[in-house]
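Descriptive structure summary
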Amino acid sequence: MALVSRTPFVGGNWKMNLTHARAVELARAIDAINSASGNRSVDWAVFPPFVHLGAVAATLGERSHVGAQDCSAHSDGAFTGQVSASMLAEIGCTSVLIGHSERRHGLAESDALLSRKLTRALDASLIPILCVGETLLQRDSGDAHAIIQSQLRGSLAGHDELALTQLIVAYEPVWAIGTGRTATPDDAAHMHRTVRQTLEDLYSARFAQRVRVIYGGSVNAKNAAELFSCEEIDGGLIGGASLNATDFGAIMTAAAARVGQ
Ligand code: PEP
């Protein structure tokens, strides 16, 4: 019997990459690889740039595996350049990244703002993937665990357990994103335990055990299996390696192997 009862989740964050044609081609290739593998034990989604979302959702059809990289903290109105969560749901998105480090750190998005984005995502019935992670400076200062706790507490403020049944938390150390430097499985698992303990402190042990906590930061086809073999690591958020269908397929296969552990 499988030891792990949480269904693994693998997300492919395409960031600001790919032409329209290449995005559709990549979606098709990933879908084909996944269908050929016959693997149904992993939840997965790709996160294309906004302008490609509709076409990728149409390509992937009914089994929409498409998410957005961000959403507005507002529901509608005079917010030039922003995209609302309900607009994303309307074109076939089922999930959304909230607080990816390239926004949290790169664009100084605060926990309070992320909490409001979370509200909008939940209102639109999108699965929220809340990203947390410490910088290298914070890690070297011994503050990594406190930072993760504080980001979780701040971003989840005002949200109750019942509304968060679909929540996924992505632990993504900033120093590992796009750097080729990955957290060791032990290190990542330790941080994931902090995430789960914080969720337990905020809500309940039952809730904390149900939430999927995935790892992101230079995961690739070679290191995925070792990371996903840790009981605490319920899958991954993949940047660079998700732009290659074969690699992304191999990462999904590594996540599927977890189910048989
Ligand atoms: C990411 O974008 O969330 C990410 C983890 O990127 P990479 O896999 O390239 O480090």
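The sections below set out a description of the structure shown in this document. The model shown is predicted, which means the values in this text are computed figures rather than measured ones. (Residues numbered from 1 in each chain as written. Predicted model: local features only at pLDDT ≥ 70, side-chain atom pairs only at ≥ 80, totals over all residues. Heavy atoms only, no water.)

1. A few points about the pattern of salt bridges
Within this structure, the stated rule accounts for 14 salt bridges. With a shortest N-O distance of 2.9 Å, E109 and R103 are connected by a salt bridge. Among the charged side chains, a network of salt bridges with common partners joins R6, R196, E232, D234 and R258. (Salt bridge = Lys/Arg side-chain N within 4 Å of Asp/Glu carboxyl O.)

2. Let's talk about the layout of surface pockets
Over the atoms a probe the size of a water molecule is rolled, and this reveals where empty space is left. There is about 250 Å³ of room inside the largest pocket. Taken together, 13 residues form the lining of the largest pocket, with K15, M16, Q69, D70 and R103 sitting closest to its centre. In this model, the second largest pocket occupies a volume close to 180 Å³. Its residues placed into classes, the lining of the second largest pocket shows 7 nonpolar, 9 polar and 2 charged. (1 Å grid on protein atoms, 1.4 Å probe; cavity = no way out; pocket = protein on both sides within 12 Å on 5 of 7 lines; lining within 4 Å. Points joined across faces, edges and corners; volume = space filled by probe spheres on them. Nonpolar A, V, L, I, M, F, W, Y, C, P; charged D, E, K, R; others polar.)

3. As for the site of the ligand
In the vicinity of the ligand lie 14 residues, with K15, H100, E172, G178 and S218 positioned nearest. With respect to the ligand, the backbone of G178 contributes an N or O atom lying 2.6 Å from an oxygen atom. Backbone polar atom of S218 to an oxygen atom of the ligand: 2.8 Å apart, as the coordinates give it. Assessed atom by atom at 2 Å from the grid points, the ligand resides in the second largest pocket. For the shell around the ligand, the residue count by class is 4 nonpolar, 8 polar and 2 charged. (Near = heavy atom within 4 Å. Polar contact = N/O pair within 3.5 Å; in protein donor to acceptor, adjacent residues only side chain to side chain. Sits in = over half its atoms within 2 Å of the grid points.)

4. Focus on the pairing of strand β8 (residues 235-238)
Side-chain positions along a regular strand alternate between the two faces of the sheet. Burial along β8 is two-sided: the residues G235 and L237 and G236 and I238 are all buried. Relative to β8, strand β1 (residues 9-13) is paired through 4 bridges, and the arrangement is parallel. When the sheet's bridge partners are listed, G12 is paired in β8 with I238. In this sheet, β8 lies alongside strand β7 (residues 212-216) in parallel orientation, the contact comprising 2 bridges. Its bridge partner being in β8, Y215 is matched across the sheet by G236. (Buried < 20%, exposed > 50% of the residue type's maximum accessible area, 1.4 Å probe, protein only. Helix = DSSP H or I, 4+ residues; strand = E, 2+ residues; numbered from the N terminus. Pairing = 2+ DSSP bridges.)

5. Here's the deal with the environment of Q149
When you line up the elements, Q149 lands in helix α7 (residues 144-156). With relative accessibility at 34%, the residue Q149 sits in the partly exposed group. Sequence separation between Q149 and Q197 is 48 residues, and the spatial gap between their C-alpha atoms is 9.0 Å. Setting aside residues up to four positions removed in sequence, Q149 forms contacts with T194 and T198. (Contact = heavy atoms within 4.5 Å.)

6. A short note on the sheet that holds strand β3 (residues 67-68)
Across the sheet, 8 strands lie side by side as β2-β1-β8-β7-β6-β5-β4-β3; this open sheet has parallel pairing. Of all the strands in the sheet, the pair left with one neighbour each is β2 (43-47) and β3. Here 2 bridges tie β3 to strand β4 (residues 95-98), and the two strands are oriented parallel to one another. Bridged to G67 within β4 is S95.

7. Points about the packing of aromatic side chains
Applying the stated rule across the entire model yields 2 aromatic pairs. Ring geometry for Y171 versus Y215: centroids 6.3 Å apart, planes at 50°, classification tilted. Taken as a pair, Y171 in strand β6 (residues 168-171) and Y215 in strand β7 lie far apart in primary sequence, 44 residues in all. In this structure, Y171 and Y215 share a single accessibility class: buried. (Phe/Tyr/Trp six-rings, centres within 6.5 Å; stacked < 30°, edge-to-face > 60°.)

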